[in-house]
Amino acid sequence: MKLREIMTGQVVRIRPEEPVGVAARMLAQYNIGALPVCSRDGRLRGMVTDRDIVLRCVAPEADPKSVPVKEIMSRRLAAVAPGDDVRQAARLMARRQIRRLPVVADGKVVGMVSLGDLAQCGRYEMEISRALTDISSVVQKLSE
């Protein structure tokens, strides 16, 4: 099964120069955990998560109204293409310890895929289960 069959095509995104406070409100409004950071032409520049906001802005007591997203976003990105196989995405998520991946075509974000999306497709239980187990074990170790 290809990712284009299960990815979310309507992607909420933010520009690098937007304030962190706007990103936080968007995450809350859309009930999502990550936003792709895209330039005006739609090219992926980074990802910002609720965790990035807390650790890189709130904890150091920076002002979310004045700090731009580009200062706290994650730059070490993993991405997939719409034609990639679901199992490939699950293995990448497990290896990189991430729950969400931007789907990119010609350098532009065209979708997002999450572990939940993979789990709902129901065909590749072993790969998805392994990815979730790997990610959960790392999260558990970090919280101890």
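Relevant structure appears above.
Procedures and definitions
Position numbers for residues start from 1 in each chain and track the written sequence from start to end. In view of the model being predicted, local features appear only for residues whose pLDDT reaches at least 70, and side-chain atom pairs are presented and counted only at 80 or more, with totals across whole chains, interfaces and linings using the full set of residues. In computing side-chain properties, one takes all heavy atoms of the structure into account and sets aside hydrogens as well as water. Within this scheme a cavity is a closed region of a 1 Å grid, computed over the protein atoms alone, that accommodates a 1.4 Å probe without allowing it to escape, whereas a pocket is open but has protein on both sides within 12 Å along at least five of seven lines; lining residues each have an atom within 4 Å of a point. Grid points are joined across faces, edges and corners, and a volume is the space filled by probe spheres set on the points. Comment: elements are numbered from the N terminus, with helices defined as DSSP H or I runs of at least four residues and strands as E runs of at least two. For this scheme, ten residues count as nonpolar: Ala, Val, Leu, Ile, Met, Phe, Trp, Tyr, Cys and Pro. Four count as charged, namely Asp, Glu, Lys and Arg, and the remainder, Gly too, count as polar. Residue exposure (1.4 Å probe, protein chains only): buried if accessible area is under 20% of the type maximum, exposed if over 50%, otherwise partly exposed. The directions considered for the arc are those from the helix axis to the C-beta atoms. By definition in these notes, contact holds between two residues if any of their heavy atoms fall within 4.5 Å. Criterion for a salt bridge: a side-chain nitrogen of Lys or Arg within 4 Å of a carboxyl oxygen of Asp or Glu.

1. A short note on the layout of surface pockets
(1) Moving on: In this structure, the second largest pocket encloses a volume near 250 Å³.
(2) Moving on: Going through the elements one at a time, strand 1 (34–38) and strand 4 (108–114) are the ones with two or more residues in the lining of the second largest pocket.
(3) Moving on: Looking at the lining of the second largest pocket, its residues break down into 7 nonpolar, 5 polar and 2 charged.

2. Quick look at helix 2 (residues 50–58)
(1) Moving on: Every buried residue of helix 2 is accounted for by Asp52, Ile53 and Cys57. Around the axis of helix 2, the buried residues are gathered within 95 degrees of arc, so they sit on the same side.
(2) Moving on: Those residues of helix 2 hidden inside the fold are in contact with helix 1 (20–30) and strand 2 (44–49).

3. As for unusual backbone geometry
(1) Moving on: One non-glycine residue, Asn31, lies in positive phi territory at about 55 degrees.
(2) Moving on: Secondary-structure assignment places Asn31 in the loop between helix 1 and strand 1.
(3) Moving on: Of note in the backbone geometry, Gln97 takes a positive phi value of approximately 60 degrees without being a glycine.
(4) Moving on: Residue placement: Gln97 occurs in the loop between helix 3 (86–96) and strand 3 (100–105).

4. Looking at the pattern of salt bridges
(1) Moving on: In the structure shown here, the tally under the stated rule is 6 salt bridges.
(2) Moving on: For Glu18, the salt bridge is made with Arg15, and the minimal N-O distance between the two is 3.3 Å.
(3) Moving on: The salt bridge partner of Asp41 is Arg43, with a shortest N-O separation of 3.7 Å.
(4) Moving on: Given a relative accessible area of 31%, Arg43 falls into the partly exposed group.
(5) Moving on: Overlapping salt bridges, with partners in common, bring together Arg15, Glu17, Glu18 and Arg40 in one network.

Keep in mind these numbers describe shape, not what the thing actually does.
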